[in-house]
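# Geometric and topological summary
What follows is the residue order along each chain.
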Amino acid sequence: VQLQASGGGLVQAGGSLTLSCRASARTFSTYVMGWFRQAPGKERECVAVITWSSSSTYYADSVKGRFTISRDNAKNTVYLQMRSLKHEDAAVYYCAAADRGYGVLRVREDQYDYWGQGTQVTVSS
């Protein structure tokens, strides 16, 4: 399974950006999908998670109310809409897929089976 993340870039503080992650697997609709991020000098953290049917989502406290995760199973794609971006949101963002526990929200890195290559988000003043 290959995950291709895109949509990163440079955005002003307070601005918006939408990340996309397309999966190559025909079984994408059964995966739990997550977005993680890693800033320089920091550990990678889970930002948002969505179950296979979109019935449940998880958000880190730091992004609640500003980020929205969604998916389009017909397009094998998961999205992360980011609004009101802050400097502390700057990081490399990774999408990940868990090929198990379709309806279980997973927030640990070791619970994911496949990872995308990462896309850089930079937030300027």
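See above for the structure.
Residues numbered from 1 in each chain as written. Predicted model: local features only at pLDDT ≥ 70, side-chain atom pairs only at ≥ 80, totals over all residues. Heavy atoms only, no water.

### Concerning the sheet that holds strand β1 (residues 3–6)
Neighbouring strands of a sheet are bound in pairs by backbone hydrogen bonds; such pairs are parallel or else antiparallel. So the rule is basically this: What makes two strands pair is DSSP finding at least two bridges between them. Strands here are runs of E lasting at least two residues and helices are runs of H or I lasting at least four, both read from the DSSP assignment and numbered beginning at the N terminus. Note on geometry: axes are lines fitted to C-alpha atoms, helical ones only across the stretch in contact, with angles between N-to-C directions running from 0 to 180 degrees.
As summarised here, the arrangement of the four strands in space is β1-β3-β8-β7, forming an open sheet in which the pairing is antiparallel. Each of the sheet's edge strands pairs with one partner strand only, and the pair in question is β1 and β7 (67–72). Strand-to-strand twist in this sheet, taken as the mean axis angle between neighbours without regard to direction, amounts to 15°.

### Quick look at the pattern of salt bridges
Stated formally: Salt bridge, as applied in this entry: a Lys or Arg side-chain nitrogen positioned within 4 Å of an Asp or Glu carboxyl oxygen. In this scheme, a residue with accessible area under 20% of its type's maximum is buried, one over 50% is exposed, and one in between is partly exposed, where area comes from a 1.4 Å probe on protein chains only.
Under the defined criterion, the tally for this structure stands at six salt bridges. Among the ionic pairs, R37 bridges to E45, the shortest N-O distance being 2.7 Å. For R37, a relative accessible area of 4% translates into the label buried. Between R37 and D89 there is a salt bridge whose closest N-O contact spans 2.9 Å.

### Re the nonpolar core
For clarity, the threshold we go by: What we call a nonpolar core is a set of buried Ala, Val, Leu, Ile, Met, Phe, Trp, Tyr and Cys residues that are connected through their side-chain atoms within 4.5 Å. Between two residues, a contact is recorded if the distance between any of their heavy atoms is within 4.5 Å.
Within the largest apolar cluster, 31 residues are counted, with the highest numbers of intra-cluster contacts made by M33, W35, L80, M82 and Y93. Those elements that place two or more of their residues in this core are β1, β3 (17–23), β4 (32–38), β5 (45–50), β7, β8 (77–82), β9 (91–98) and β11 (119–124). Sequence-distant contacts of L80, that is, excluding residues within four places in its chain, are made with L17, T18, L19, W35, V47, A48, F67, T68, I69 and Y93.

### Overview of the environment of R37
Basically, it comes down to this: Whenever a nitrogen or oxygen atom comes within 3.5 Å of another N or O atom, the pair is scored as a polar contact, on the condition that within protein one atom can donate a hydrogen and the other can accept it, and that pairs from neighbouring residues in sequence are kept only if both atoms are in side chains.
Examined against the element boundaries, R37 turns out to sit in strand β4. Put simply, R37 and Y93 are 56 residues apart on the chain and 4.3 Å apart in space, counted from C-alpha to C-alpha. Apart from residues lying up to four places away in sequence, R37 is in contact with E43, R44, E45, V47, S62, V63, F67, E88, D89, A91, V92 and Y93. A distance of 2.7 Å separates the side chain of R37 from the side chain of E45, its partner in a polar contact. Here the side chain of R37 touches S62 through a polar contact of 3.4 Å, side chain to side chain.

### A look at the state of the cysteines
In plain terms, the rule: Count a disulfide wherever a pair of cysteine sulfur atoms falls within 2.5 Å.
For the structure shown, the criterion picks out one disulfide. Of the cysteine sulfurs around C46, a residue in no disulfide, the closest is that of C95, at 12 Å.

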